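The residues making up each chain are set out below.
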Amino acid sequence: MSSNDPMLAYEKAIQLIGLVSQEIYSRFNAMLTIHGFFIAAIGLIFTRGAETLTSHIILIGLPIAGWFLCHTWHQFVAQGVRAQEFFRKKARDSEQYFDDSVKIFNELHKTGLVEESNGKRRVSAFKGSAERVILIFEFVYSSLFVLFSIQLSFWIYEKLK
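Draft legend 1. Structural view of the overall build of the chain. Secondary structure assignment for the chain yields 4 helices and 0 strands. Listing each helix as α and each strand as β along the chain from the N terminus yields α-α-α-α. Going through the 161 residues of the chain one by one, you find that 33% of them count as buried. Restricting the contact set of the chain to residue pairs at least 6 apart, pairs at least 24 apart contribute 79%. Accessible surface, the chain as shown: approximately 10,400 Å² in total, 64% of it carbon and sulfur.

Draft legend 2. Summary view of the environment of Ala 13. Looking at the secondary structure, you find Ala 13 in helix α1 (residues 6-48). Remark: the alpha-carbon pair of Ala 13 and Arg 88, spanning 75 residues in sequence, is separated by 6.9 Å.

Draft legend 3. Focus on the pattern of salt bridges. Within this structure, the stated rule accounts for 3 salt bridges. Where Arg 27 meets Glu 23, a salt bridge forms, and the shortest distance between an N and an O atom there is 3.9 Å. Placement of both Arg 27 and Glu 23 in helix α1 is noted, with a separation of 4 residues, approximately one turn of the helix. In this structure Arg 27 comes out as partly exposed when scored by relative accessible area, which is 30%. The salt bridge involving Lys 89 is made with Asp 93; its shortest N-O contact spans 3.2 Å. In this pair, Lys 89 and Asp 93 both sit in helix α2 (residues 53-94), 4 residues apart, roughly one turn of the helix.

Cut-offs used in this document
Here the residue index of a chain counts from 1 through its sequence in written order. Only residues with pLDDT of at least 70 are given local features in this predicted model, and only at 80 or more are side-chain atom pairs given and counted; all residues enter the totals for whole chains, interfaces and linings. Hydrogens are left out, water is left out, and the side-chain values use all remaining heavy atoms of the structure. A run of H or I in DSSP becomes a helix once it reaches four residues, and a run of E becomes a strand once it reaches two; helices and strands are each numbered from the N terminus. Residue burial is assigned from relative accessible area. The probe radius is 1.4 Å, only protein chains are included, and a residue is buried under 20% of its type maximum, exposed over 50%, and partly exposed in between. Working rule for contacts: check all heavy atoms of both residues, and any pair within 4.5 Å makes them a contact. Accessible surface area values rest on a Shrake-Rupley calculation with a 1.4 Å probe, where residue burial reflects the displayed protein chains alone. In the sections that follow, a salt bridge refers to a side-chain nitrogen of Lys or Arg positioned within 4 Å of a carboxyl oxygen of Asp or Glu.

The quantities given are spatial measurements derived from coordinates; they are silent on function.
This is the structure we're talking about:
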């Protein structure tokens with residue numbers, strides 16, 4: 001097998017698509033779990049009553065940390081989808097060397113089952129769904145930050161009376 005063997009390039013591209021897909025979903029699930037812990041910690045501290053300055057600071061700090069973590073999560077998703085699209089394109093390009101029975105990615109690309117961004121702001125289905133989930137968490141964290149900031153203001157006002 002030569003180093004320019006199209007079948008080898010095709011097989012490697014297929015393997016890398018699978019690897020990147022597993023990586024995307026693993027990272028997504030890990031980040032979802034981490035955010036679940038953040039929300040649970042916020043809920044636990046809130047329901048026990050924020051009676052000290054430290055608990056108020058934690059209640060404000062956790063939503064801030066969660067909000068910034070959402071940006072990391074977004075980068076994980078975007079990078080993974082870009083890598084997946086790159087390897088899908090490599091597989092499609094390699095299919096030109098084979099008969100029609102091997103042209104799986106070219107056929108999938110035509111059907112729209114596999115969406116790829118093409119510079120016209122088209123977003124893959126997974127990336128679009130993942131971004132909506134991340135946006136929900138950002139909204140929750142922003143709302144909690146505002147709520148807890150107001151609560152801290154009232155708490156400080158009561159202490160200064």
